[in-house]
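# Chains, contacts and geometry: an overview
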Amino acid sequence: MNGAHDMGGMHGLGPVAPEPEPPVFHHDWEARVHALTIASPTRGNIDRGRHQRELIPGPEYLRLTYYEKWLTGLEALLLADGLVTPEELASGRADPAQPKFTPRLKSEDVTLALTHASSFRRTAAPPAFAIGDRVRTRNLNPGGHTRLPRYARGREGVVVLSHGAHVLPDSNAHGRGEAPCPLHTVRFTARELWGPGANGHDTVSLDLWEVYLEPA
């Protein structure tokens, strides 16, 4: 999607100010939002969750903190799936008259879920590109979710790694199936991405699904 969330390569947003040894959570409520998101039945499709956050209107998205975005997206998904009512969200209390759902995670399963990453590797047709191939990213302007950032569209690079087939977020986010697709790491020069004023020694590597690529 083209939206305020796709900030890569954009100017005018101020300097990046990384925190030295930042805490995992700045406030207790952030840890709770993280836990709620992981435990929610909606967590079964992480791509859908990312897309839901991309649907937050631009001015609001830029105003919200990181975990406020998580909470906003989670509330929208819970409402969309009929897991809560607007009244329950407003009050913070479950309505005894509403049906109860089985939790996605039991308490004894939480540690395992947080310490073992799920695999998105799948089986698909052999890749069309190999390490060393020059490729060009397609100049796509999708209305839905994509992992191809705007600043890298229509640019030439070189395949430096191949990772096998993985779930395609562009399809999975919208409930159209996993559509496994080969995934490659493509290296671009900074000047290819941002013009002759960029540092000639710098490069940027992006993990890109093969459907984003064509021969250069």
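For the structure given in this document, a descriptive report is provided here.

Okay, the environment of Leu 79 next. With respect to the helices and strands, the residue Leu 79 is situated in helix H4 (residues 66-80). Taking the C-alpha atoms as reference points, Leu 79 and Leu 89, separated by 10 residues in sequence, lie 8.9 Å from one another. Leave out the neighbours within four places in its chain, and Leu 79 touches Val 84, Thr 85, Pro 86 and Leu 89.

Relative orientation of the contacting elements helix H1 (residues 28-39) and H4 amounts to 40°, with a least axis distance of 10 Å. When the axes of H1 and H4 are compared, the pair comes out oblique. Here H1 and H4 pass one another in a crossing that is left-handed. On H4, the residues that touch Trp 29, Glu 30, Val 33, His 34, Leu 36 and Thr 37 of H1 are Tyr 67, Glu 68, Trp 70, Leu 71 and Leu 74. Taken together, the residues that form the contact of H1 with H4 break down as 7 nonpolar, 2 polar and 2 charged.

Here the focus is the packing of aromatic side chains. Tallied over the full model, the rule gives 6 aromatic pairs. With a centroid separation of 5.7 Å and 45° between ring planes, the pair formed by Tyr 66 and Trp 70 is classed as tilted. With Tyr 66 and Trp 70 both in helix H4 and 4 residues apart, the pair spans about one turn of that helix. According to the relative accessible area criterion, Trp 70 is buried, its value standing at 11%. Among the aromatic residues, those joined into a ring-pair cluster are Phe 25, Tyr 66, Tyr 67 and Trp 70. Directly above the aromatic system of Tyr 61 lies the positively charged group of Lys 69, at a separation of 4.5 Å from the ring centroid.

Each value, and the rule that gives it
Residues numbered from 1 in each chain as written. Predicted model: local features only at pLDDT ≥ 70, side-chain atom pairs only at ≥ 80, totals over all residues. Heavy atoms only, no water. Helix = DSSP H or I, 4+ residues; strand = E, 2+ residues; numbered from the N terminus. Contact = heavy atoms within 4.5 Å. Axes fitted to C-alpha atoms, helices over the stretch in contact; angles between N-to-C directions. Parallel < 35°, antiparallel > 145°, perpendicular 65-115°, else oblique. Left-handed = near helix turned anticlockwise from the far one by under 90°. Nonpolar A, V, L, I, M, F, W, Y, C, P; charged D, E, K, R; others polar. Phe/Tyr/Trp six-rings, centres within 6.5 Å; stacked < 30°, edge-to-face > 60°. Buried < 20%, exposed > 50% of the residue type's maximum accessible area, 1.4 Å probe, protein only. Lys NZ or Arg CZ within 6 Å of the ring centre and 35° of its normal.

Don't take any of this as a statement about function, it's just geometry.
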